[in-house]
Amino acid sequence: MVSIFITAFIVGGLICVVGQLLFDVAKLTPAHTLCILVVAGSVLDGVGLYEPFIDFAGAGATIPITSFGNALTHGAMAEAEKHGLIGVMTGMFEVTSSGISSAILFGFIASVIFKSKGKV
């Protein structure tokens, strides 16, 4: 059981290292880095490599932002098989709606509770 935690920690850490290298070495903005990692997860799922990656790394592959791209593609492809072209749009939102809704809700709650300092 300890090896599962260690594997998840190392793999998740390596994904974070890739993101940090994109910041530091490539001098990309956070928005560019976010997009690259989401698209990488999406492409890996599209070619069938992200599910085996999840089987190997567990939470190390499902927690980082690359998993969001995986979820978008996975949902779109599953619903496209059932409902055709309209399933592509509905599938993406069906799978990711709870995460997106939670981010919006908790972001709003945090903004109400804490006073924003903003830039001076």
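Below is a summary of the structure that appears in this document. (Residues numbered from 1 in each chain as written. Predicted model: local features only at pLDDT ≥ 70, side-chain atom pairs only at ≥ 80, totals over all residues. Heavy atoms only, no water.)

Here's the deal with the overall build of the chain
Alright, step 1. Within the chain, the secondary structure is distributed over six helices and zero strands.
Alright, step 2. Secondary structure elements of the chain occur, N-terminal to C-terminal, as α-α-α-α-α-α.
Alright, step 3. Its C-alpha atoms put the chain at 50 × 35 × 35 Å along the principal axes.
Alright, step 4. Within the chain, the fraction of its 120 residues that count as buried is 25%.
Alright, step 5. For the chain, the exposed surface amounts to about 8,400 Å²; the carbon and sulfur share of it is 76%.
Alright, step 6. Counting 5 positive and 7 negative side-chain charges, the chain places the averaged centre of each group 26 Å from the other. (Helix = DSSP H or I, 4+ residues; strand = E, 2+ residues; numbered from the N terminus. Buried < 20%, exposed > 50% of the residue type's maximum accessible area, 1.4 Å probe, protein only. Areas by Shrake-Rupley, 256 points an atom, 1.4 Å probe, with all protein chains shown as cover. Lys, Arg positive; Asp, Glu negative; His and termini not counted. Charge placed at Lys NZ, Arg CZ, Asp CG, Glu CD.)

Regarding helix α2 (residues 30-46)
Alright, step 1. With 17 residues, α2 should reach 24 Å at 1.5 Å per residue; the first-to-last C-alpha distance of 24 Å fits that figure.
Alright, step 2. Looking at α2, one finds that the buried residues are T33, L37, V38, G41 and D45. Looking straight down α2, one finds its buried side chains confined to an arc of 130 degrees; they lie on one side.
Alright, step 3. Buried residues in α2 make contact with α1 (2-24), α3 (50-57) and α5 (66-83).
Alright, step 4. Among the residues trailing α2, G48 stands out with phi positive, at a value near 85 degrees. (Expected span 1.5 Å × (residues − 1). Arc of directions from axis to C-beta. Contact = heavy atoms within 4.5 Å.)

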